[in-house]
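# Structural description and commentary
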Amino acid sequence: MPEVPRDGIGRRVFQLKQQRSVEQAIAIIRTTLGEKWMGFSEDDVNALRMILEELWLQTPRSTWKNYSFSRLTYTDIQTITRIGHSRMRDLMSKKEATNQLNQIFQTIASGF
């Protein structure tokens with residue numbers, strides 16, 4: 001078996017942590033929305049996954065852990081998905097997308 005460089009292993013572990021965190025967030029969202037989840041297309045789910053992966057990369061772990069994915073509404077998920085589609089088409093910068101997502105989560109945290 002070929003020897004794998006340490007930095008390659010580290011990158012893979014990092015990617016696995018990111019994927020696990022994002023998939024857990026999507027599972028919470030899917031469970032919370034129930035039947036409404038079926039209103040999202042495969043492209044929407046891919047956009048949601050991609051934008052959550054970017055958010056995970058740009059956000060401190062302590063902040064990510066405090067995000068309440070179970071409090072996101074159907075409208076919130078539609079908005080997040082639109083942001084994801086905009087990022088996929090390079091119509092929005094990572095910084096702008098991250099700022100908009102942080103605003104959504106701050107609004108949820110403040111209860112408004």
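Everything below is about the structure printed above this text.
Report follows, based on the coordinates. Predicted model, so just to flag it, every value in this text is computed and none were measured.

## Topic: unusual backbone geometry
In the Ramachandran plot, Asp90 falls in the positive-phi region, its phi being about 55° despite a non-glycine side chain. Tracing the backbone through its elements, the reader meets Asp90 in the loop between helix H4 (74–88) and helix H5 (94–110).

## Considerations on the nonpolar core
Formed by 27 residues in total, the largest nonpolar core has its most connected members in Ile29, Leu52, Trp64, Phe69 and Leu72. Of all the secondary structure elements, the ones that give two or more residues to this core are helix H1 (6–33), helix H2 (42–58), H4 and H5. Element by element, the count of residues in this core is highest for H2, at 7 residues. Those residues within four positions of Ile29 in sequence are excluded, and the remaining contacts are Trp37, Leu48, Leu52, Phe69, Leu72 and Ile77.

## Examining the pattern of salt bridges
Where charged atoms of side chains with opposite charge meet at close range, the side chains can pair. Using the criterion set out here, one finds 3 salt bridges in the structure. Measuring nitrogen to oxygen at the nearest pair gives 2.9 Å for the salt bridge that ties Glu54 to Arg87. Of this pair, Glu54 sits in helix H2 while Arg87 is found in helix H4, placing the two residues 33 residues apart along the sequence. Across the pair, Arg87 and Glu54 agree in class, each one buried. Note that Arg87 is salt-bridged to Asp90, the shortest N-O span being 3.8 Å. For Asp90, a relative accessible area of 63% puts it in the exposed group.

## Some words on the packing of H2 against H5
For the pair H2 and H5, the least separation of the axes is 10 Å and the interaxial angle reads 90°. Considering the angle they form, H2 stands roughly perpendicular to H5. The residues of H5 that touch H2, namely those facing Ile51, Glu54, Leu55 and Gln58, are Lys94, Ala97, Thr98, Leu101, Asn102 and Phe105. Considering only residue class, the contact of H2 with H5 consists of 5 nonpolar, 3 polar and 2 charged.

## Details of the side chain of Gln18
Here Gln18 lies in helix H1. Contacts of Gln18, omitting those with residues within four sequence positions, involve Glu53, Trp56 and Leu57.

## Observations regarding the environment of Phe105
Tracing the backbone through its elements, the reader meets Phe105 in helix H5. A relative accessible area of 4% means that Phe105 is categorised as buried. For Phe105, the residues in contact, after removing those within four places along its chain, are Leu55, Tyr67, Ser68, Phe69 and Leu72.

Conventions used here
- Within every chain, residues take consecutive numbers counted from 1 along the sequence as written.
- Only residues with pLDDT of 70 or above have their local features reported here, since the model is predicted, and side-chain atom pairs are shown and tallied only from 80 upward, although totals for entire chains, interfaces and linings are computed over all residues.
- Each side-chain value is worked out from all heavy atoms of the structure, with water and hydrogens disregarded.
- Put simply, DSSP H or I for four residues or longer makes a helix, DSSP E for two residues or longer makes a strand, and each gets a number counted from the N terminus.
- Residues belong to a common nonpolar core when they are buried Ala, Val, Leu, Ile, Met, Phe, Trp, Tyr or Cys residues joined through side-chain atoms within 4.5 Å.
- With a 1.4 Å probe rolled over the protein chains alone, any residue whose accessible area is under 20% of its type maximum counts as buried; one over 50% counts as exposed, and the rest are partly exposed.
- In what follows, residue pairs with any heavy atoms lying within 4.5 Å of each other are defined as contacts.
- Salt bridges, as used here, are contacts in which a Lys or Arg side-chain nitrogen is within 4 Å of a carboxyl oxygen on Asp or Glu.
- In this analysis, axes come from line fits to C-alpha atoms, helices being fitted only over the stretch in contact, and the angle between any two N-to-C directions falls in the range 0 to 180 degrees.
- Our angle categories are set so that under 35 degrees counts as roughly parallel, over 145 as roughly antiparallel, 65 to 115 as roughly perpendicular, and the remainder as oblique.
- Under this grouping Gly is polar, as are all residues other than the nonpolar Ala, Val, Leu, Ile, Met, Phe, Trp, Tyr, Cys and Pro and the charged Asp, Glu, Lys and Arg.

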